[in-house]
Amino acid sequence: MNITRRNFFKTIAAGALFGQSLLSESLGKVSLDTFMGQSLRHVADLTTLKRRLVPSLAFLEKALGLNMNVGAGESLSVRNDLCERGCELKANPKTLLFFGQISDAHVLDEESPARLVAAEEYLEKLGVHSAFRPQDDLTPHVLNSMVESMNEIAKRTPVDFLLNTGDSLDNAQQNELSWFISTLEGGEVDADSGLNEDPLFGPNNDANDPFVSRGLLAHIPWYSAFGNHDFLLQGNIPFHLLSLYNSIFEKIFDKLVIQNPVGDFSNAVLKPWTTPPNLSQLKPGKIIADVQRSALGAKEYLKMHWQKQSTRPVLGFPRNLSNSEFLYYSVYPKAGLPLKMIVLDTASRSGTALGTIDEVQYKKFLIPELEKAKANKELVMIVSHHPGDDIKTLSGLREEMYNTYGREKSLAEGIKEFFSQIEVNQNYISREQFQETLKSYPNVFLHVAGHRHSHKVTCIGSSSQGYWEVQSASLLDYPQQSRLFEIVYEGNNTGAIHTCVVDHNSPSGSLSAYSRQLAYQDATSRAPQSDFKDYTGKEADRNTILRFSIPPEIAKKL
Ligand SMILES: [Ca+2]
Ligand SMILES: [Ca+2]
Ligand SMILES: [Ca+2]
Ligand SMILES: [Fe+2]
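Along each chain, the written sequence defines residue order, and numbers are assigned to residues from 1. Think of it this way: whatever chain is written first is A, whatever ligand is written first is 1, and the rest follow in order. Totals for whole chains, interfaces and linings use all residues, but because this is a predicted model, local features are given only for residues with pLDDT of at least 70 and pairs of side-chain atoms are given and counted only at 80 or more.

Participant: Pulling in residues and values, what's your account of the overall build of the protein?
Facilitator: Strands here mean DSSP runs of E at least two residues long; helices mean DSSP runs of H or I at least four residues long; both are numbered from the N terminus. Looking only at helices and strands, the protein has 17 helices and 20 strands in total. Two residues form a contact once the distance between their C-beta atoms, set from the backbone, is within 7 Å. Summarising the internal contacts of the protein: among those between residues at least 6 apart in sequence, 76% fall at separations of at least 24.

Encoded structure:
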């Protein structure tokens, strides 16, 4: 409880200086039972509304590895940015939709030779921290625990669907997708590739041991968005451009070479572990080739979902996708509710971790879908892996890559050469065009995204024209939290998104609890350059009531 007490004293001290602002902040808080949506009220004790896991500072607890404590919950703060002045909260609003969101599960084959672990130290110097994390191998266990947590919630109150905002995989590999789907659907998950290893003798005691997932409750549909790590090697390189990429980057630094994932050679042989390896001691060498590591294209990615035997209403993607090379679609997630969900495919076919939307998806899909929803008097929520800020044009991609890697002159040259040789006839829309379009439709109220591995709630636009963008943390990095959304109608042409974050409920001593501890240590060891608070967000990025106006012709139907 140390940190809670410390925060309490900090609050008291701050209050003496800024009494007025603390007072208005506390008035902005909502008592749990009066205004909260019915669904959240039923499950509040399973969420961070009632109790939060807080890192312990106690030396002894840390030494024993018990570095998470249970602290007080965090109640909902109200954000009225999109509401006209004087708009008062209404008690007992009507629930329209209740769903969960998971993001960036990064189910990962840590043994894959197509990883950049050999270049980790080099990349770290450039401020890039994504080639290796000590909790990498435990990702299926964390996903499994979060699925169990969502099931506990769904047993209490009806959940309309589970939304997965992408980066389900880490390296776009077939075996990673089969582990991801099995974890969500239920069945055996054996997250081991190449040689069969058991780093700690016996079952159920290390990340490499097979386990049986119970899966998400069978009546709940789940919908996925396609992320950069679902399509691109290391979340950056299109498989068909791998030899071009390698021919350029091996001249600069041979540890930046990405080996074919199915091959038998690794730049840094990584064997399954019980305690995370010392990267500086890894050596290049032969490994057992494994065809199940093959890289997936969008078509194969989709097919693996559709081939899975299941009685679930929707498993990842609906069956009516118009174009299996691009995984965008729209659905009505609840029968009888005039609310359309439009899911975009922002994984860039030109490479990089950034997001792109080409003109075909924009003009032939997004705009017509928005027009139809407007004509039919429907609310619209947008879903994509990337948040709006990361939607780029081709020149935007290039510029962002220079900004990130340009300090290293040879790397900047390599990026220039790479971009000069890839297809340049791609017309991608800009962030401005994307956000201006969404703002121009008064029925668009929400954009749900992932990608940045952090909680963030942003008001895009203003009360005359705007919508909410909600990003959620990853299951890979600390705090490994997911999110619930309850969409309510208050009456008086006013709606609200009641949202809160959820911890995976993992008993102390379990592999997923161990992963959370490693993730916490990893995040804090990287401070201050990448403070873990970036991942957890500010208070107003987590548990909030986000209010918005509903066009009267739609409100009439609710
Ligand atoms: Ca493994
Ligand atoms: Ca293995
Ligand atoms: Ca074992
Ligand atoms: Fe991610």
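The discussion continues.
Participant: Could you give me a rundown of the sheet that holds strand E8 (residues 222–224), with the residues and numbers involved?
Facilitator: Strands qualify as paired when DSSP identifies two bridges or more between them. Taken together, eight strands build an open sheet; the order of strands is E3-E20-E19-E18-E4-E5-E8-E11 and the sheet is mixed. Among the strands making up the open sheet, the edge pair consists of strand E3 (77–79) and strand E11 (315–316). Across seven bridges, strand E4 (residues 94–102) lies against strand E18 (residues 481–491) in antiparallel orientation. Along E18, the bridge assignment pairs Leu 97 with Ile 487.

Participant: Explain unusual backbone geometry to me, and be specific about the residues and the numbers.
Facilitator: Residue Pro 479 is reached from Tyr 478 by a cis peptide bond, and omega for that bond is 10 degrees. Mapped onto the secondary structure, Pro 479 falls in the loop between strand E17 (465–471) and E18. Not every positive phi belongs to a glycine, and Thr 352 is a case in point at roughly 80 degrees. When you line up the elements, Thr 352 lands in the loop between strand E13 (339–343) and helix H11 (359–375).

Participant: Can you tell me about the packing of helix H9 (residues 242–249) against helix H13 (residues 409–421), naming the residues and giving the values?
Facilitator: Fitted lines through C-alpha atoms give the axes, limited to the stretch in contact for helices. The angle between two N-to-C directions lies from 0 to 180 degrees. As a packed pair, H9 and H13 sit with axes 9 Å apart at the nearest point and diverge in direction by 150 degrees. Relative to H13, the element H9 lies roughly antiparallel. When the axes of H9 and H13 are compared, the crossing they make is right-handed. Of the residues in H13, those in contact with Leu 244, Tyr 245, Ile 248 and Phe 249 of H9 are Gly 414, Glu 417, Phe 418 and Gln 421. The residue makeup of the contact of H9 with H13, split by class, is five nonpolar, two polar and one charged. Any angle that is under 35 degrees is reported as roughly parallel, and any over 145 degrees as roughly antiparallel; angles of 65 to 115 degrees are reported as roughly perpendicular and all others as oblique. Left-handed is the label given to a crossing in which the near helix is rotated counterclockwise from the far helix by less than a right angle, and right-handed is the label when the rotation is clockwise. Under the grouping applied here, Gly and all other residues not named as nonpolar or charged are polar, the nonpolar ones being Ala, Val, Leu, Ile, Met, Phe, Trp, Tyr, Cys and Pro and the charged ones Asp, Glu, Lys and Arg.

Participant: For the environment of Met 146, give the residues involved together with the corresponding values.
Facilitator: Inspection of the secondary structure assignment puts Met 146 in helix H6 (residues 139–156). In this structure, the C-alpha to C-alpha distance between Met 146 and His 504, residues 358 residues apart in sequence, is 4.7 Å. In this structure Met 146 touches Ile 102, Leu 475, Ser 482 and His 504, once residues within four positions along its chain are discounted.

Participant: Residues and numbers for the sheet that holds strand E12 (residues 329–331), please.
Facilitator: Strand order in the open sheet formed by six strands is E12-E13-E14-E15-E17-E16, and the pairing between neighbours is mixed. If you trace the sheet from one side to the other, it starts and ends with E12 and strand E16 (456–462), each paired once. In this sheet, neighbouring strand axes are inclined to one another by 20 degrees on average, regardless of whether the strands run parallel or antiparallel. Bridge count between strand E14 (residues 379–383) and strand E15 (residues 444–449): four bridges; the pairing is parallel. Within E15, the residue paired with Val 383 across the bridge is Val 448. With respect to the sheet, H11 is in contact with E12, E13 and E14, its orientation differing from that of E13 by roughly 175 degrees. Sitting on the sheet, helix H14 (residues 431–439) touches E14, E15, E16 and E17, and the angle it makes with E17 is about 120 degrees.

Participant: Can you break down the nonpolar core residue by residue, with the values?
Facilitator: In globular proteins that are soluble, nonpolar side chains generally tend to be buried together. We define a nonpolar core as a collection of buried residues of the types Ala, Val, Leu, Ile, Met, Phe, Trp, Tyr and Cys that are connected via C-beta atoms lying within 7 Å of each other. Each residue is classed by its C-beta neighbour count within 10 Å, where at least 20 other C-beta atoms makes it buried, 12 or fewer makes it exposed, and intermediate counts make it partly exposed; the C-beta atoms are placed from backbone geometry. Counting residues in hydrophobic clusters, the biggest one holds 128 residues, and the most contacted among them are Leu 162, Val 343, Met 381, Val 383 and Trp 468. In terms of residue count, the dominant contributor to this core is H6 (six residues). The contacts of Val 383, once residues within four sequence positions are left out, are Leu 163, Thr 165, Ala 225, Met 341, Ile 342, Val 343, Leu 344 and Val 448. One finds Ala 473, Tyr 520, Ala 523 and Tyr 535 within the second-largest nonpolar core, a separate group that totals six residues.

Participant: Explain the environment of Glu 408 to me, using residue names and the numbers behind them.
Facilitator: Of note, Glu 408 is situated in the loop between helix H12 (394–405) and H13. Judged by local crowding, Glu 408 falls into the partly exposed class, with 16 C-beta atoms found within 10 Å. Along the chain, Glu 408 and Leu 126 lie 282 residues apart, while their C-alpha atoms are 7.9 Å from each other.

Participant: So what's going on with the pairing of E18? Residues and values would help.
Facilitator: Counted residue by residue, E18 has nine buried out of eleven residues, so it is predominantly covered. Here E18 runs beside strand E19 (residues 494–503); their pairing, made up of ten bridges, is antiparallel. Looking across to E19, one finds that Phe 485 is bridged to Thr 499. Hairpin geometry of E18 and E19 is characterised by an intervening segment of two residues between the two adjacent antiparallel strands and by a positive phi of about 55 degrees at Asn 492.

Participant: Hey, could you go over H13 for me, with residue numbers and the actual values?
Facilitator: Here, expected helix span is obtained from the residue count minus one, scaled by 1.5 Å. Here H13 contains 13 residues, and its C-alpha end-to-end distance of 19 Å stays within 8% of the 18 Å for a straight helix at 1.5 Å per residue. Within H13, burial applies to Leu 411, Gly 414, Ile 415 and Phe 418. Along the axis of H13, the buried positions cluster into a sector of 100 degrees, meaning they face one direction only. Seen from the open side of H13, the exposed residues pointing more than 90 degrees away from its buried face are Lys 409 and Ser 420. Residues of H13 that are buried make contact with H9 and H12. Here the arc refers to the set of directions running from the helix axis out to each C-beta atom.

Participant: How would you summarise the environment of Ser 348 if you had to cite specific residues and measurements?
Facilitator: By the element assignment, Ser 348 lies in the loop between E13 and H11. You can call Ser 348 buried: it has 26 C-beta atoms within 10 Å. A C-alpha to C-alpha distance of 9.0 Å links Ser 348 and Asp 358, two positions ten residues apart in sequence. When neighbours within four sequence positions are excluded, Ser 348 is seen to be in contact with Asn 228, Leu 354, Gly 355, Thr 356 and Leu 397.

Participant: So what's going on with the confidence of the model for the protein? Which residues, and what values?
Facilitator: Per residue, pLDDT measures the predictor's confidence, with a range of 0 to 100. Averaged over all residues, the pLDDT of the protein equals 89, while 90% of them reach at least 70. Note that pLDDT drops below 50 for residues 1–27; the model gives that stretch 13 contacts with residues more than four away or on any other chain.

Participant: Go over the packing of H6 against helix H7 (residues 174–185) with me, naming the residues and quoting the values.
Facilitator: Between H6 and H7, whose axes approach to 9 Å, the crossing angle comes to 25 degrees. Judged by the inter-axis angle, H6 sits roughly parallel to H7. Both H6 and H7 take part in a crossing whose hand is right-handed. Residues Pro 140, Leu 143, Asn 144 and Val 147 of H6 lie in contact with H7, whose contacting residues are Trp 179, Thr 183 and Leu 184. Within the contact of H6 with H7, the residues separate by chemical class into five nonpolar, two polar and no charged.

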